[in-house]
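Structural characterization, general
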Amino acid sequence: MNYRLLSNKKIGVSVLAFAPYLVALGMQVFFSKQLLVEEVGVFALIWLFLSMVLAFSNWNGDKYIISKKDISKDEIDEVFTFEIVVSVALYLITVFFFRDVVNGYLDIQDSTLFWVAVGFMFCYFPLTRTRAILEKRLSYVSAYSPIFIANIIAAIIGGVCIFQGFGLWSMVIWKISTHLIEVLILFFVSPYIPRLRFNILHTSDILSYCLPLFVGGTIGFITLNVDRILVTSFMGERELGLYYLAFSLSHITLILRELIARLLLPILSKQDFKEGKIQIFGRLNGILQIFSVVSAILITYWSDILFQFVFGEKWSDAVPIFIVLCYAALFKLVGGASATLLFSAMRTRVAFDVSVLNLVVSVPILFLTIKSSGLSGAATGVLVSIVVVTIIMY
């Protein structure tokens, strides 16, 4: 099989995989125009909680399914069962012990429907392991079409909701419906739907591979969001809204890293020789470096004009934050691309090590910079911490 890094087919798949994020970007612009900055700030707080739910329920079983050669259906079922049981347990613990705390913090009054949605979000990642099965077979069109279609349908739903007067909850409905519709479509297109199978034959292998990724992902979530937590603590809803938009837009480039990981991991896992994997990675790294330099130049000189044209005057204060955060994202894009190479060799401990290092470095830097300089300090702290971590890591 020909595993050239760039081919017409791979370019087409890359476009399909990136298309949902373009739709999401368009909706981000739409909602930013329709809502007040403060309303976007309130949504950012709600989405921070839902993102925590996603992070704490993602054991990265998809990477295990893709990376392990000749995995059986029984073992796939075991991965799914392990993840879904843990997710349901976490949901029940959250409902019984933390529901009132969350309702009070998010200022949610009639919360029944919201907590039903939270239950689904806890189970989202286990329910999407059907996509990993398609990716392992290199059936990328079938794997990535559902999320694209889901984004289109959810965008329509979100648009209808905002014109019906749902306000900031239109954004919440948009986000959750995207995930729900994707899961439903995946169930229709997947050649195999995992089943509950309470075996422990491969539990040690699953834990050995997934535990470092889970712990690393959980720590990574805290590190990635500590700036937003501190902005919420030290400032108000308007500042959080500005920072949320700047951060979300600037880190679109990091979506490339996730897409690269999803596209390359099945390919690298099929390579028997280390030299072949390193050769593919070397070509990729060169492309990313060129992309980052060109992007940094465009962002530096055109961000102000684009923000004014696309988002309007009310978001102008987000421009300098956006520029600094873009530098940080581009630096992280190039510096973190090697993880896929290591995952393909079943070496996942690196994810844990990097996450711990990120946490130790980022928290004190961000606390000091945000406390002293507000939003500009938050953006500067993110950039400085990423540079320091990358230097130490290499």
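It should be noted that the structure appears before, not after, this text.
A brief structural summary. As the structure is a computational prediction, the values presented were derived from the model and not from experiment.

Now for the overall build of the protein. When its secondary structure is counted, the protein shows 15 helices and zero strands. With 394 residues in all, the protein has 55% of them scored as buried. If you sum the accessible surface of the protein, you get close to 18200 Å²; carbon and sulfur atoms cover 69% of it.

Summed over all chains, the structure comprises eight salt bridges. Its salt-bridge partner being Arg 129, residue Asp 62 comes within 3.5 Å of it at the nearest N-O pair. Separated by 67 residues along the polypeptide, Asp 62 in helix α3 (residues 61–67) and Arg 129 in helix α6 (residues 129–136) bring together distant segments of the chain. Taking the shortest distance from any N to any O, the salt bridge between Glu 75 and Lys 68 comes out at 2.7 Å.

Along the chain, Arg 131 turns up in helix α6. Using a relative accessible area of 11% as the deciding quantity, one classes Arg 131 as buried.

On to the packing of helix α2 (residues 37–56) against helix α4 (residues 73–106), then. If you want to describe how two helices pack, look at the angle between their axes and the distance between the axes. Direction vectors running N to C along α2 and α4 enclose 165°, while the axes themselves pass 12 Å from each other. Looking at the two axes, α2 sits roughly antiparallel to α4. α2 and α4 meet at a crossing whose hand is right-handed. Residues Leu 45, Ile 46, Phe 49 and Phe 56 of α2 form the contact with α4, whose participating residues are Leu 90, Val 102, Tyr 105 and Leu 106. By residue class, the composition of the contact of α2 with α4 is eight nonpolar, no polar and no charged.

In a regular helix each residue adds 1.5 Å, so 14 residues correspond to 20 Å; helix α10 (residues 237–250) covers 20 Å between its end C-alpha atoms and thus fits that length. Across the 14 residues that make up α10, a large majority, 11, are buried. Taken residue by residue, α10 has Leu 240, Gly 241, Leu 242, Tyr 243, Tyr 244, Leu 245, Ala 246, Phe 247, Ser 248, Leu 249 and Ser 250 as its buried positions.

A separate point is the nonpolar core. Across soluble globular proteins, nonpolar side chains show a tendency to be buried alongside one another. Within the largest apolar cluster, 76 residues are counted, with the highest numbers of intra-cluster contacts made by Phe 49, Leu 50, Phe 114, Tyr 243 and Phe 307. With residues up to four places along the chain from it excluded, the contact list for Tyr 243 reads Asp 227, Arg 228, Val 231, Ile 321, Leu 325, Leu 375, Ala 378, Ala 379 and Val 382. Membership of the second largest hydrophobic core comes to 15 residues, among which are Tyr 64, Ile 66, Val 79 and Leu 213.

Parameters at a glance
Residues numbered from 1 in each chain as written. Predicted model: local features only at pLDDT ≥ 70, side-chain atom pairs only at ≥ 80, totals over all residues. Heavy atoms only, no water. Helix = DSSP H or I, 4+ residues; strand = E, 2+ residues; numbered from the N terminus. Buried < 20%, exposed > 50% of the residue type's maximum accessible area, 1.4 Å probe, protein only. Areas by Shrake-Rupley, 256 points an atom, 1.4 Å probe, with all protein chains shown as cover. Salt bridge = Lys/Arg side-chain N within 4 Å of Asp/Glu carboxyl O. Axes fitted to C-alpha atoms, helices over the stretch in contact; angles between N-to-C directions. Parallel < 35°, antiparallel > 145°, perpendicular 65-115°, else oblique. Left-handed = near helix turned anticlockwise from the far one by under 90°. Contact = heavy atoms within 4.5 Å. Nonpolar A, V, L, I, M, F, W, Y, C, P; charged D, E, K, R; others polar. Expected span 1.5 Å × (residues − 1). Core = buried A, V, L, I, M, F, W, Y, C linked by side-chain atoms within 4.5 Å.

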